[in-house]
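Single-letter residue listing:
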Amino acid sequence: MAVRLFIGNLPYGASEAHLRAHFAAVAEPSHVVMPVDRETGRPRGFAFVEFPDRAQAEEVIKRFDAQPFQGRNLGVSEARARED
């Protein structure tokens with residue numbers, strides 16, 4: 001079953017291709033979503049990255065959480081459902 005991760009503290013210049021290449025050291029993400037601000041169209045500084053396998057997702061968390069990416073330390077955790 002696929003596991004969705006929340007990637008926080010992203011540099012605003014990061015792209016989907018940058019994220020895919022960064023995480024490919026562990027596993028190729030099956031899906032990447034980088035929300036943008038509705039008004040400005042600029043990235044919001046976070047992304048959701050999905051991996052097909054729980055073991056891969058857990059390895060990504062272990063290897064990349066609090067590690068530098070383009071000058072900023074990423075926050076990597078399992079995504080939670082939005083609270084009302």
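Source: prediction; values computed, not measured.

Cut-offs used in this document
- Residues numbered from 1 in each chain as written.
- Predicted model: local features only at pLDDT ≥ 70, side-chain atom pairs only at ≥ 80, totals over all residues.
- Heavy atoms only, no water.
- Helix = DSSP H or I, 4+ residues; strand = E, 2+ residues; numbered from the N terminus.
- Contact = heavy atoms within 4.5 Å.
- Polar contact = N/O pair within 3.5 Å; in protein donor to acceptor, adjacent residues only side chain to side chain.
- Salt bridge = Lys/Arg side-chain N within 4 Å of Asp/Glu carboxyl O.
- Buried < 20%, exposed > 50% of the residue type's maximum accessible area, 1.4 Å probe, protein only.
- Core = buried A, V, L, I, M, F, W, Y, C linked by side-chain atoms within 4.5 Å.
- Pairing = 2+ DSSP bridges.
- Axes fitted to C-alpha atoms, helices over the stretch in contact; angles between N-to-C directions.

A.B. asks: I'm lost on the environment of Asp65 in this one. Help?
C.D. replies: Here Asp65 shows up in the loop between α2 (54-64) and β4 (68-69). Placed 11 residues apart in sequence, Asp65 and Val76 show a C-alpha to C-alpha distance of 4.6 Å. With residues near it in sequence (within four places) discarded, Asp65 still touches Val60, Leu74, Gly75 and Val76. Of note is the side chain of Asp65, whose polar atom sits 2.9 Å from the backbone nitrogen of Val76.

A.B. asks: Looking at this model, I keep getting lost on the pattern of salt bridges. Mind explaining?
C.D. replies: Any two side chains of opposite charge can pair, on the condition that their charged atoms come close. The tally for this structure, following the rule as stated, stands at 6 salt bridges. For Glu28, the salt bridge is made with Arg20, and the minimal N-O distance between the two is 3.4 Å. Residue classification places Glu28 among the partly exposed residues on the basis of a relative accessible area of 48%. Within the structure, one salt-bridge network assembled from shared partners comprises Glu16, Arg20 and Glu28.

A.B. asks: How should the nonpolar core be read in this particular structure?
C.D. replies: Residues Leu5, Ile7, Leu10, Leu19, Phe23 and Phe51 are the most contacted members of the largest nonpolar core, which totals 18 residues. Listed by contribution, the elements that provide at least two residues to this core are β1 (3-8), α1 (16-23), β3 (47-51) and α2. When neighbours within four sequence positions are excluded, Ile7 is seen to be in contact with Phe23, Gly45, Phe46, Ala47, Val49, Leu74, Gly75 and Val76.

A.B. asks: What is the right way to read the environment of Ser15 from this model?
C.D. replies: Counting through the fold element by element, Ser15 comes out in the loop between β1 and α1. On the basis of relative accessibility, which here comes to 26%, the residue Ser15 falls in the partly exposed class.

A.B. asks: What is the right way to read the sheet that holds β3 from this model?
C.D. replies: Note: strands within a sheet are paired through backbone hydrogen bonds, in either parallel or antiparallel orientation. Here we have 4 strands laid out as an open sheet, ordered β2-β3-β1-β6, and antiparallel in their pairing. The outermost strands of the open sheet, each flanked by one partner alone, are β2 (31-33) and β6 (75-78). Within the sheet, the average angular offset between the axes of one strand and its neighbour, ignoring direction, is 20 degrees. Inspection of the sheet shows β2 paired to β3 by 3 bridges, in the antiparallel sense. Opposite Val32, over in β3, you have Val49 as the bridge partner. Together, β1, β3 and β6 form the strand contacts of α2, whose direction differs from that of β6 by roughly 150 degrees.

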